[in-house]
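# Understanding the architecture of this molecule
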Amino acid sequence: MNKLTGAILATLLTTTVALADPVDDNLVLNEETQIVTRTAAPAHLSDVLDEVMSGWLFRGTETRAMQADDFDNPGMIFVEQAMETWDAVDGTEGKSCSSCHNDIDSMAGVKPTYPKWDAKAGTVQTLQMQVNECRTERMGAEAWDYDKGAAINMEAALSSVSRGMPVNVAIDGPAQSTWEQGKEMYYTRTGQLELSCANCHEDNYGMMIRADHLSQGQINGFPAYRLKNTKLNGAHDRFKGCIRDTRAETYSPGSAEFIALELYVASRGNGLSVEGPSIRN
Amino acid sequence: MASGVKPRVKVPKTAAAGEAVTIKTLISHNMESGQRKDKEGNVIPRSIINRFTCDFNGENVIDITLEPAISTNPYFEFQALVPEAGEFKFTWYDDDGSVYEDSKKIALG
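The rules behind the values
All residue numbers here refer to positions counted from 1 along the written sequence of the relevant chain. To read the labels, note that chains go from A and ligands from 1, taken in the order they are written. Owing to the predicted nature of the model, reporting of local features is limited to residues with pLDDT of at least 70; listing and counting of side-chain atom pairs is limited to 80 or more, with chain, interface and lining totals taken over all residues. As a rule here, side-chain values come from all non-hydrogen atoms in the structure, and water together with hydrogens is ignored. Only DSSP runs of H or I covering at least 4 residues are called helices, and only runs of E covering at least 2 are called strands; the numbering of each starts at the N terminus. Based on C-alpha atoms, the radius of gyration is set beside the globule rule, defined as 2.2 Å times the residue count to the power 0.38. The classification of residues rests on relative accessible area computed with a 1.4 Å probe and restricted to protein chains. Under 20% of the type maximum is buried, over 50% is exposed, and intermediate values are partly exposed. Calculation of accessible area relied on Shrake-Rupley with a 1.4 Å probe; when residues are assessed, cover is drawn exclusively from the protein chains displayed. Here Asp and Glu are counted as negative and Lys and Arg as positive; His is not counted, and neither are the chain ends. A charge is said to be at NZ when it belongs to Lys, at CZ for Arg, at CG for Asp and at CD for Glu. Two strands qualify as a pair provided DSSP detects at least 2 bridges between them. Axis definition: a line fitted to C-alpha atoms, limited for helices to the stretch in contact. Angles are taken between N-to-C directions and run from 0 to 180 degrees. Within this scheme a cavity is a closed region of a 1 Å grid, computed over the protein atoms alone, that accommodates a 1.4 Å probe without allowing it to escape, whereas a pocket is open but has protein on both sides within 12 Å along at least five of seven lines; lining residues each have an atom within 4 Å of a point. Grid points are joined across faces, edges and corners, and a volume is the space filled by probe spheres set on the points. Gly counts as polar in this scheme, as do all residues outside two lists: the nonpolar Ala, Val, Leu, Ile, Met, Phe, Trp, Tyr, Cys and Pro, and the charged Asp, Glu, Lys and Arg. The span expected for a helix works out to 1.5 Å for each residue beyond the first. The contact criterion used is simple: two residues touch if any of their non-hydrogen atoms lie within 4.5 Å. We define buried area as the total accessible area lost by two parts upon association, computed with a 1.4 Å probe and summed across both.

Regarding its fold elements, chain A presents 10 helices and 11 strands. Against the compact-globule benchmark of 19 Å for 281 residues, chain A has a radius of gyration of 20 Å, which places it among compact chains. Across its three principal directions, the C-alpha atoms of chain A cover 80 × 40 × 30 Å. Going through the 281 residues of chain A one by one, you find that 47% of them count as buried. For chain A, the exposed surface amounts to about 13,700 Å²; the carbon and sulfur share of it is 53%. Distance from the positive charge centre (24 side chains) to the negative charge centre (39 side chains) of chain A: 6 Å.

Printed below as a string of structure tokens:
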């Protein structure tokens, strides 16, 4: 009898471990673009992590397969919408994005470096802020709301042409103080549950948090198409969800705090491939 | 009138004679069920794709009736035998009378 219980227990234990670990799998988009989903941690993380892993490795088989083919990836529907916006004239200057930038493919390599220091604005800017700068200053058009419809779709389109390139945000120079601010936020416990980002995503990734599989909280796959709300989600929106879950008052998407946090979290994924639009739960 | 409707299909460029190929189709469409109400409590009229067909060289491969419970952006994946080179024709029929078409050629190889 004891033996039997032991055997069952052993099976349960191995099953739990097998479920909790990130999978050993390889992501190739459309049978041509190799995606780096795990790589050596960037230097600034070497004390705490050996390896950084994309959230893709923590998702289920079907979800992972969905991302491997652009036809199956519902995020690409929104990318196509943004591609049309790219060529559409808007604002008082009679310009579209393509008037200055030509084909959107010419923007390959832009997404991996954002957020980045903008000398003219004297601040760290996210890609969406940069797009809005173009819209308000050069097109005479209205700024898009942060992480909403048109803005997030455009970020996804810009991300899609950079897929496969390694994330490479600068953390030194003028961006350093913002990066430090983001780092402090990452390690500060907040909310009634007194959780920091690191408590889940650094100390306990790979474990189950209720029914969900904790990832490292990397944002290389953002904007992400989430199966739960069938639309593209921005990194700031996701931060907001996480902070809300610690039962704290959250910051707003587009706020200075989230920009700092985005820079810091992006830097934790330096070396991973840009994946957006990815598919997540 | 549904807006932003755009059909997409994915068919291999070549196949061996007699081979079964996998075809994927998706049409972006709201698929308004007719069961929902707006803020004022008025029923939002039904507006869905109600039929989807695929033909190969004039011969019907698949003919599907879609019902209101089918969710937004209906996706179909199915297999078809390719006896000879030719063309797949895809047709979607909208409640509002619009017909959306797409076609893809396939060669033997």
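Once you've had a look at it, read on.
Looking now at the sheet that holds strand E1 (residues 6-10) of chain B. All names here are of chain B. Pairing is antiparallel in the open sheet, where three strands are placed in the order E1-E3-E6. This sheet does not close on itself; its edge strands, each paired only once, are E1 and strand E6 (75-82). On average, each strand axis in the sheet is tilted by 25° relative to the strand beside it, whichever way the strands run. Pairing of strand E3 (residues 19-28) with E6, which is carried by eight bridges, proceeds in the antiparallel orientation. Across the sheet, residue Lys 24 finds its bridge partner in E6, namely Glu 77.

Below, the discussion takes up empty space enclosed by the protein. All names here are of chain A. A full pass over the atoms with the stated rule returns two cavities of 30 Å³ or more. A volume near 140 Å³ is recorded for the largest cavity. Considering the residues around the largest cavity, the lining is formed by 15 residues, among which Lys 111, Tyr 114, Ile 219, Asn 220 and Ala 266 are closest to the centre. A class-by-class count of the residues in the lining of the largest cavity yields nine nonpolar, three polar and three charged. Taken as a whole, the second largest cavity encloses approximately 50 Å³ of empty space. Lining the second largest cavity, in full, are Thr 126, Leu 127, Gln 128, Tyr 146, Asp 147, Glu 155, Ala 235, His 236 and Glu 262. Of all elements in the fold, only helix H5 (127-139) and helix H9 (235-245) reach the threshold of two or more residues within the lining of the second largest cavity. Split into classes, the residues belonging to the lining of the second largest cavity amount to three nonpolar, three polar and three charged.

Residue and element names in this part refer to chain A. Taking 1.5 Å of rise per residue, 13 residues should cover 18 Å, and helix H10 (residues 256-268) covers 19 Å from first to last C-alpha, within 8% of that figure. Counting buried positions along H10 yields 11 of 13 residues, so the element is predominantly enclosed. Along H10, the residues that are buried comprise Phe 258, Ile 259, Ala 260, Leu 261, Glu 262, Leu 263, Tyr 264, Val 265, Ala 266, Ser 267 and Arg 268. Buried residues along H10 sit in contact with strand E4 (51-53), strand E6 (123-125), H5, helix H7 (176-187) and H9.

Next up on the list: unusual backbone geometry. Here the amide bond leading from Tyr 114 of chain A into Pro 115 of chain A is cis, since omega sits at 0°, within 30 degrees of zero. Take Pro 115 of chain A: it is sitting in the loop between helix H4 (97-101) and strand E5 (116-118). The amide bond that connects Phe 222 of chain A to the next residue, Pro 223 of chain A, takes the cis arrangement and shows omega of 0°. Counting through the fold element by element, Pro 223 of chain A comes out in the loop between strand E8 (212-213) and strand E9 (224-226). For Met 31 of chain B, which is not glycine, the phi dihedral falls at a positive 50°. In this fold, Met 31 of chain B is placed in the loop between E3 and strand E4 (49-56). By relative accessible area, which is 5% here, Met 31 of chain B ends up buried.

On the chain B side, the residues contacting the six residues of chain A number 10 residues. In total, chain A and chain B occlude about 740 Å² of area from one another, counting both sides; carbon and sulfur atoms represent 53% of this. Looking only at chain A, the three residues that lose the most surface to chain B are Phe 71, Ile 77 and Glu 80 of chain A, adding up to 72% of its buried area. Counted by class, the side of chain A that touches chain B contains two nonpolar, no polar and four charged residues.

What follows deals with the pairing of strand E7 (residues 86-94) of chain B. All names here are of chain B. Judged from the seven bridges that link them, E4 and E7 form a sheet pairing that is antiparallel. Each residue of the ladder has a partner; that of Cys 54, found in E7, is Phe 90. Of the pairings in the sheet, the one linking E7 to strand E8 (residues 99-108) comprises eight bridges and is antiparallel in character. Looking across to E8, one finds that Thr 91 is bridged to Glu 101. In this structure, the hairpin formed by E7 and E8 is closed by a connection of four residues, where Gly 97 is found at a positive phi of approximately 95°.

Here the second largest pocket defines a volume of roughly 520 Å³. If you trace the second largest pocket, you find 20 residues lining it, with Pro 74, Ile 77 and Tyr 225 of chain A together with Thr 72 and Asn 73 of chain B closest to the centre. In terms of residues, the lining of the second largest pocket owes the most to one element, helix H3 (residues 75-87) of chain A, which gives three residues. Here the residues of the lining of the second largest pocket sort into nine nonpolar, nine polar and two charged.

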